[in-house]
Amino acid sequence: KTLPGVEAASAITYLPFTGPGAATSYFVEGGPEAVGGEAEVTDVRMVAPELFETMRIPLKHGRLFDANDHRADAPLRFVVSETMARDAYPNDNPLGRRLRVRMGEGREWGEIIGVVGDIRTASLAGQVRPMVYYPMAKLPFGWGTLVIRTQGDPNAPVQPMLAAIRERHPD
């Protein structure tokens, strides 16, 4: 983020249009727990701080993750897409409501704190899939994709960025 020409930087698992991503079933608190193939399904992405701002995914309602949400010991909170909010709560405000997403080992209930605009992940055609976003600290993943928004020549920060990464992680 401190490199010349870099306006914003973050990371996400499964960058849009780069292949399949993670998806799983979810349950709405107070709703029925479907069994087998009857459960509703959502795409899931783990995100680093400032992902929505970096990718310019607009906040529609509520708030985005803050520094406290990105702590491993913080209560589980979710940001969801508009499609997810509409699918899970067709007649209700989703903010403050709780979901249980079958991702990771905890499978604990998490509170919805924000709704963001939909993004397409696989194709520009077809329906938009529901999406639940986790703070990376709450569901650590072995890899991710750096997302960098630049000003001017987008290639200018590449070599300094690679040098900084190699300095911190020589292997």
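Since the model is a prediction, treat every value here as computed from it, not as a measurement. (Residues numbered from 1 in each chain as written. Predicted model: local features only at pLDDT ≥ 70, side-chain atom pairs only at ≥ 80, totals over all residues. Heavy atoms only, no water.)

Turning to the overall build of the chain, a few remarks are in order. The helix and strand tally for the chain stands at three helices and nine strands. Against the 2.2 N^0.38 benchmark of 16 Å for 171 residues, the chain shows a C-alpha radius of gyration of 17 Å, consistent with a compact globule. Dimensions of the chain, computed from C-alpha atoms along their principal axes, come out at roughly 50 × 35 × 30 Å. Within the chain, buried positions represent 40% of all 171 residues. Counting only contacts in the chain whose residues sit at least 6 apart along the sequence, the fraction spanning at least 24 positions is 73%. Counting every atom, the chain has about 9,800 Å² of accessible surface; 51% of that belongs to carbon and sulfur. (Helix = DSSP H or I, 4+ residues; strand = E, 2+ residues; numbered from the N terminus. Rg over C-alpha atoms; globule rule 2.2 N^0.38 Å. Buried < 20%, exposed > 50% of the residue type's maximum accessible area, 1.4 Å probe, protein only. Contact = heavy atoms within 4.5 Å. Areas by Shrake-Rupley, 256 points an atom, 1.4 Å probe, with all protein chains shown as cover.)

Moving on, we come to unusual backbone geometry. Residues other than glycine seldom take positive phi values, yet F17 does so here, at roughly 65°. With respect to the helices, strands and loops of the structure, F17 is situated in the loop between β1 (6–12) and β2 (22–28). Of note in this structure, E50 is not a glycine but carries a positive phi near 70°. Note that E50 resides in the loop between β3 (40–47) and α1 (51–55).

Here T54 lies in helix α1. Overall, the relative accessible area of 4% leaves T54 in the buried class. T54 has contacts with A8, A9, S10, V147, I148 and R149, leaving out every residue within four places of it along the chain.

On to the pattern of salt bridges. According to the stated counting rule, one finds 11 salt bridges in the structure shown. The salt bridge partner of D69 is R63, with a shortest N-O separation of 2.6 Å. Among the residues examined, D69 registers a relative accessible area of 1% and is labelled buried. Owing to a relative accessible area of 30%, R63 belongs among the partly exposed residues under this scheme. Of the charged contacts, one joins D118 and R86 as a salt bridge, the two residues approaching to 4.0 Å between their closest N and O atoms. Remark: R86 occurs in helix α2 (residues 82–88) and D118 occurs in the loop between β7 (109–116) and β8 (131–135); sequence separation between them is 32 residues. Judged by its relative accessible area of 49%, R86 is partly exposed. (Salt bridge = Lys/Arg side-chain N within 4 Å of Asp/Glu carboxyl O.)

It is worth spelling out the confidence of the model for the chain at this point. On average, residues of the chain score 89 in pLDDT, and 95% of them are at 70 or above. Looking over the chain, one finds the lowest element-wise mean pLDDT in β2, namely 87, and the highest in strand β4 (residues 59–62), namely 98. (pLDDT = per-residue confidence, 0-100.)

This paragraph deals with the environment of P49. For P49, the position within the fold is in the loop between β3 and α1. By relative accessible area, which is 40% here, P49 ends up partly exposed. Considering only alpha carbons, one finds P49 and E7, 42 residues apart in sequence, at a separation of 14 Å. Those residues within four positions of P49 in sequence are excluded, and the remaining contacts are A9, S10 and H70.

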